[in-house]
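Residues per chain are reported as follows:
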Amino acid sequence: MKTVRQLLEEKGHAVKGIAPDAPLIDAMQSMADNNIGALLVLQDKKLVGILTERDFSRKSYLMNRPVKDMQVRDIMTRQVVYVGPNYTNEDCMALVTEMRVRHLPVLDNDELIGLISIGDLVKDTISEHQFMIQQLVRYIYSTPE
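Residues numbered from 1 in each chain as written. Predicted model: local features only at pLDDT ≥ 70, side-chain atom pairs only at ≥ 80, totals over all residues. Heavy atoms only, no water.

Novice: Even after reading the chapter, I still don't get a positive patch on the surface, so can you show me in this structure?
Specialist: Positive charge collects at one region of the surface, where Arg-54, Arg-58, Arg-100 and Arg-102 lie side by side. Following the sequence through the fold, Arg-100 ends up in the loop between helix H5 (89-99) and strand S4 (103-108). Judged by its relative accessible area of 67%, Arg-100 is exposed. (Patch = residues over 30% accessible without salt bridge, like charges linked within 9 Å, V, L, I, M, F, W, Y side chains within 5 Å. Areas by Shrake-Rupley, 256 points an atom, 1.4 Å probe, with all protein chains shown as cover. Salt bridge = Lys/Arg side-chain N within 4 Å of Asp/Glu carboxyl O. Lys, Arg positive; Asp, Glu negative; His and termini not counted. Charge placed at Lys NZ, Arg CZ, Asp CG, Glu CD. Helix = DSSP H or I, 4+ residues; strand = E, 2+ residues; numbered from the N terminus. Buried < 20%, exposed > 50% of the residue type's maximum accessible area, 1.4 Å probe, protein only.)

Novice: What am I meant to see in the pairing of strand S5 (residues 111-117) here?
Specialist: Within a regular strand, the side chains alternate between the two sheet faces. Counting buried positions over the seven residues of S5 gives six, a clear majority of the element. Where S4 and S5 come together, six bridges link them in antiparallel fashion. Each bridged residue has a counterpart across the sheet, and for Val-106 the counterpart in S5 is Gly-114. What sits between the antiparallel neighbours S4 and S5 is a turn of two residues, in which Asn-109 has the positive phi angle 55 degrees. (Pairing = 2+ DSSP bridges.)

Novice: What is the right way to look at helix H2 (residues 24-34) in this model?
Specialist: Because an α-helix completes one turn every 3.6 residues, residues spaced three or four positions apart along the sequence face the same direction. Within the sequence span of H2, burial applies to Leu-24, Ala-27, Met-28 and Met-31. Burial along H2 is one-sided: seen end-on, the buried residues are contained in an arc of 95 degrees. Of the surrounding secondary structure, the elements contacted by the buried residues of H2 are strand S1 (17-18), strand S2 (38-43), strand S3 (46-52), helix H3 (53-63) and helix H4 (72-75). (Arc of directions from axis to C-beta. Contact = heavy atoms within 4.5 Å.)

The values are spatial; any link to function lies outside them.
Spelled out as structure tokens, the structure:
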């Protein structure tokens, strides 16, 4: 089972972020332009929240205000579920299932080093299963009768 550190080495450490005082419409445009479902909310390079499509679809509607008048801070999730680089894929899968989140920022000594999505975790799990299947097939067909 791979660690988060290994997953980040494969996918990269780049994250898309936005300031809490940025217009909400700019955040939604950034997500659309980058084909992503979440932005990390950063202030002075520190993680202060996360803004997801789910936040937008649920919270902005309930605020009953024009989106053009809202800022990221108005609807961002402030209590961010995050992981460290030594967590395993299995640890992360359990966490996203339990906490019902789709994105896990990765912090190492309080420094943001990446972001893991549920898609990254599923892709890695499928890859591991395919490898195991290949090894079993190889074993079955190479065993003398």
